[in-house]
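# Structural features, examined
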Amino acid sequence: MLPKFLLLPRGGLTELDSRWYTLSVETDSLQDSCGVVGIYSPEPINIPSNLFFPLFALQHRGQESAGISYMKDNRLVTYKDVGMVGTVLSRYLERERYSTVGIGHVRYSTQGGNKLENAQPMAVSCNKGEIALAHNGNISNSRQLKAELFEEGSIFQSTGDSELILHLLSRSRESDFYHALAEVLPRLEGAFSIAMIHNGSLLAIRDPRGFRPLYVGWKGDMVVTASETCALDILKVDEFREVQPGEIVIADENGVRSERISEPKPQSRCVFELIYFARPDSQVFGESVHLTRKRIGAALATNETVSADLVLPVPDSGNSAALGFAEASGLPLELGLTRNHYSGRSFIMPTTAERELMVRMKLHPIREAIRDKRLILIDDSLVRGTTSRILVTMLKEAGAAEIHLRLASPEIIWPCFFGIDIPTREELISNHMDPGEIAGHIGADSVRFLTIEELKSSLDEPNSYCFACFSGNYPIPVESGQPPGVG
Ligand code: SF4
């Protein structure tokens with residue numbers, strides 16, 4: 001499920017084109033948002049080591065940059081760089097560095113580019129004290145807020161939207177940090193799940209609509225916050241709960257307390273966290289990711305009309321849905337595609353043959369398992385359709401009799417303004433073709449998407465989710481144009 005990027009030409013694999021854009025090699029899927037971690041311990045602990053492992057567990061949420069901040073002698077220390085967690089942070093494990101509070105971040109970059117100045121945590125020393133921030137989400141009114149700050153003379157170092165929170169805090173006329181926070185947070189619209197240090201305190205902050213997940217857990221006196229529970233599991237934190245939408249959890253020398261940003265608002269939890277982004281062994285929004293994906297697969301199977309011999313997942317993101325499909329349909333599940341976990345990260349492949357080779361390097365069929373078989377191929381979603389076309393070709397070459405592609409999400413038609421990088425509407429295949437045309441385009445015998453109703457039937461509280469990238473019905477007003485870079 002880790003997104004990898006390859007540059008492919010617009011217009012499909014048979015054309016060479018001078019315009020390039022990024023593509024996830026394995027599944028042509030959407031790109032993750034970011035991941036955050038925060039720790040407070042009354043007794044000083046070796047903080048880089050305690051942040052490293054949960055961040056490593058959240059690596060799937062962003063591979064472009066990684067970083068940590070912690071308090072040392074009343075000042076913030078920050079280590080961050082472009083690269084993956086192991087590359088950037090393992091050097092800081094060589095000796096112990098003790099602190100009572102620290103935060104960490106993994107980032108996926110979009111328009112902001114993969115630059116060091118966009119890496120997080122962002123740490124400042126300002127009139128409200130020492131503040132470090134790790135943010136997951138998109139501030140959907142960031143253009144307007146940034147324009148105001150520019151007008152007032154603010155200088156931005158980064159191109160993302162997280163930095164503006166620090167500017168707003170610093171420029172607040174409230175002298176007290178918590179009064180400034182109470183003034184600033186209600187001005188932010190959209191998605192923000194934040195781990196923050198203020199002087200010696202850890203804050204876990206979640207926007208009032210709860211777009212992105214955020215958890216808080218306890219292990220003895222230690223308080224840990226993280227985007228997903230897989231990051232808590234690795235520290236053996238097994239007492240945890242969601243940070244409620246609109247809640248601020250504060251951990252410091254006075255203990256742990258909870259404050260509210262605003263009155264509760266209608267929930268807009270990102271359904272794509274459950275479909276694709278989160279790790280299957282995590283809980284997000286109080287739901288098991290794996291079991292929800294199995295229910296989605298079962299919902300797909302319920303309305304299946306095609307006869308087939310095998311259910312085949314596109315690994316790894318199609319695994320749980322394929323299992324649910326197989327169980328519900330009574331068809332055998334076959335692991336007929338092997339994923340190479342050791343292939344590289346970013347490549348520019350100038351020729352069609354090389355690009356095809358790149359996909360073959362990542363995913364490859366097991367001929368003996370699929371030869372002469374009619375396959376139900378399960379993938380999490382379809383974005384541009386480019387990788388599916390290569391996959392279908394490979395499976396046919398390997399002897400598959402029929403390939404029926406089933407997508408564990410509805411058709412993606414609209415951009416996301418709340419922290420997920422979705423290509424422009426022109427690039428989304430479902431904006432140009434119906435499922436029958438897509439099948440012809442990628443060479444499959446049929447293509448069918450999960451319907452929004454089938455998706456809702458797989459969720460415990462369907463009315464608490466955002467479905468805007470499928471429906472275009474945004475839960476809050478959004479600024480026009482393409483969304484800014486995600487955090
Ligand atoms: S628009 Fe789509 S990706 Fe964005 S928050 Fe809503 S469901 Fe998630």
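Described in the following lines is the structure provided in the data block. (Residues numbered from 1 in each chain as written. Predicted model: local features only at pLDDT ≥ 70, side-chain atom pairs only at ≥ 80, totals over all residues. Heavy atoms only, no water.)

Here we take up the overall build of the chain. Helices and strands together make up the secondary structure of the chain, namely 15 helices and 26 strands. Counting every position in the chain, which comprises 487 residues, the buried fraction comes to 60%. In the chain, the proportion of contacts linking residues at least 24 apart, taken out of those at least 6 apart, comes to 71%. If you sum the accessible surface of the chain, you get close to 18300 Å²; carbon and sulfur atoms cover 50% of it. (Helix = DSSP H or I, 4+ residues; strand = E, 2+ residues; numbered from the N terminus. Buried < 20%, exposed > 50% of the residue type's maximum accessible area, 1.4 Å probe, protein only. Contact = heavy atoms within 4.5 Å. Areas by Shrake-Rupley, 256 points an atom, 1.4 Å probe, with all protein chains shown as cover.)

Looking now at the site of the ligand. Around the ligand, a shell composed of R212, C270, V271, C416, F418, I420, C466, A468 and C469 is seen. Of the residues assigned to the shell around the ligand, the class counts are eight nonpolar, no polar and one charged. (Near = heavy atom within 4 Å. Nonpolar A, V, L, I, M, F, W, Y, C, P; charged D, E, K, R; others polar.)

Take the sheet that holds strand β15 (residues 255–260) next. Here we have six strands laid out as an open sheet, ordered β7-β8-β9-β10-β14-β15, and antiparallel in their pairing. Here the strands that pair on one side only, and so sit at the sheet edges, are β7 (122–126) and β15. Between one strand and the next, the sheet's axes are offset by a mean angle of 20°, whatever the strand orientation. Together, β7, β8 (129–136) and β9 (193–198) form the strand contacts of helix α4 (residues 163–171), whose direction differs from that of β8 by roughly 150°. (Pairing = 2+ DSSP bridges. Axes fitted to C-alpha atoms, helices over the stretch in contact; angles between N-to-C directions.)

We now examine the nonpolar core. Within the largest apolar cluster, 44 residues are counted, with the highest numbers of intra-cluster contacts made by V271, F272, I275, I412, F418, L455 and F470. Looking at this core, the elements that each hand over two or more residues are α7 (271–277), α8 (289–302), α9 (319–329), β23 (374–379), β26 (465–466) and α15 (468–471). In terms of residues, this core owes the most to one element, α7, which gives six residues. In this view, L455 contacts V271, I275, I296, P410, L450, F467 and F470; residues no more than four positions away in its chain are not counted. (Core = buried A, V, L, I, M, F, W, Y, C linked by side-chain atoms within 4.5 Å.)

With respect to the element layout, N46 can be found in strand β3 (residues 35–46). Among the polar contacts listed, one links the side chain of N46 to the backbone nitrogen of R97, at a separation of 3.0 Å. Ignoring any residue separated from it by four or fewer positions in sequence, one finds N46 in contact with R95, E96, R97 and Y98. (Polar contact = N/O pair within 3.5 Å; in protein donor to acceptor, adjacent residues only side chain to side chain.)

Let us look at α9. Three or more residues of α9 are buried, namely S320, A321, A322, G324, F325 and A326. Two residues or fewer after α9 comes G330, characterised by a positive phi angle close to 80°.

An ideal rise of 1.5 Å per residue puts 20 Å on 14 residues; α8 measures up with 20 Å between its terminal C-alpha atoms. What α8 keeps buried is the set V289, T292, R293, K294, I296, G297, A299, L300 and A301. (Expected span 1.5 Å × (residues − 1).)

Running from N to C, helix α3 (residues 142–151) and α4 point in directions that differ by 45°, and their axes come no closer than 11 Å. Here α3 is positioned oblique relative to α4, judged by the angle of their axes. You can see that α3 and α4 cross each other, and the crossing is left-handed. Counting all contacts with α3, which are made through S142, L145, K146 and L149, the residues of α4 involved are L164, H167, L168 and R171. (Parallel < 35°, antiparallel > 145°, perpendicular 65-115°, else oblique. Left-handed = near helix turned anticlockwise from the far one by under 90°.)

With that settled, the discussion passes to the pairing of β7. Looking along a regular strand, one sees side chains alternate from face to face of the sheet. As paired elements, β7 and β8 share five bridges and run antiparallel to each other. Its bridge partner being in β8, C126 is matched across the sheet by G129. Linking two consecutive strands that pair antiparallel, namely β7 and β8, is a turn of two residues.

Take the pattern of salt bridges next. All told, the structure shown has 21 salt bridges when counted by the stated rule. Among the salt bridges present, the one from R75 reaches E130, with a minimum N-O distance of 3.3 Å. Of this pair, R75 sits in strand β5 (residues 75–82) while E130 is found in strand β8, placing the two residues 55 residues apart along the sequence. Residue classification places E130 among the buried residues on the basis of a relative accessible area of 9%. Note that E304 is salt-bridged to R406, the shortest N-O span being 2.6 Å. Separated by 102 residues along the polypeptide, E304 in the loop between α8 and β19 (310–313) and R406 in strand β24 (residues 402–407) bring together distant segments of the chain. Look at E304 and you get buried, because its relative accessible area is 18%. The exposure class assigned to R406 is buried, which follows from its relative accessible area of 2%. (Salt bridge = Lys/Arg side-chain N within 4 Å of Asp/Glu carboxyl O.)

On the basis of which strands lie adjacent, the open sheet formed by four strands has the order β19-β23-β24-β25 and parallel pairing. One side of each edge strand has no neighbouring strand; the edge strands of this open sheet are β19 and β25 (446–449). Between one strand axis and the next, the sheet turns by 25° as a mean value, whatever way the strands run. Inspection of the sheet shows β24 paired to β25 by four bridges, in the parallel sense. Following the sheet pairing, L405 is matched in β25 by V447. In the packing of α9 onto the sheet, contacts are made with β19 and β23, and the angle to β19 comes to roughly 165°.

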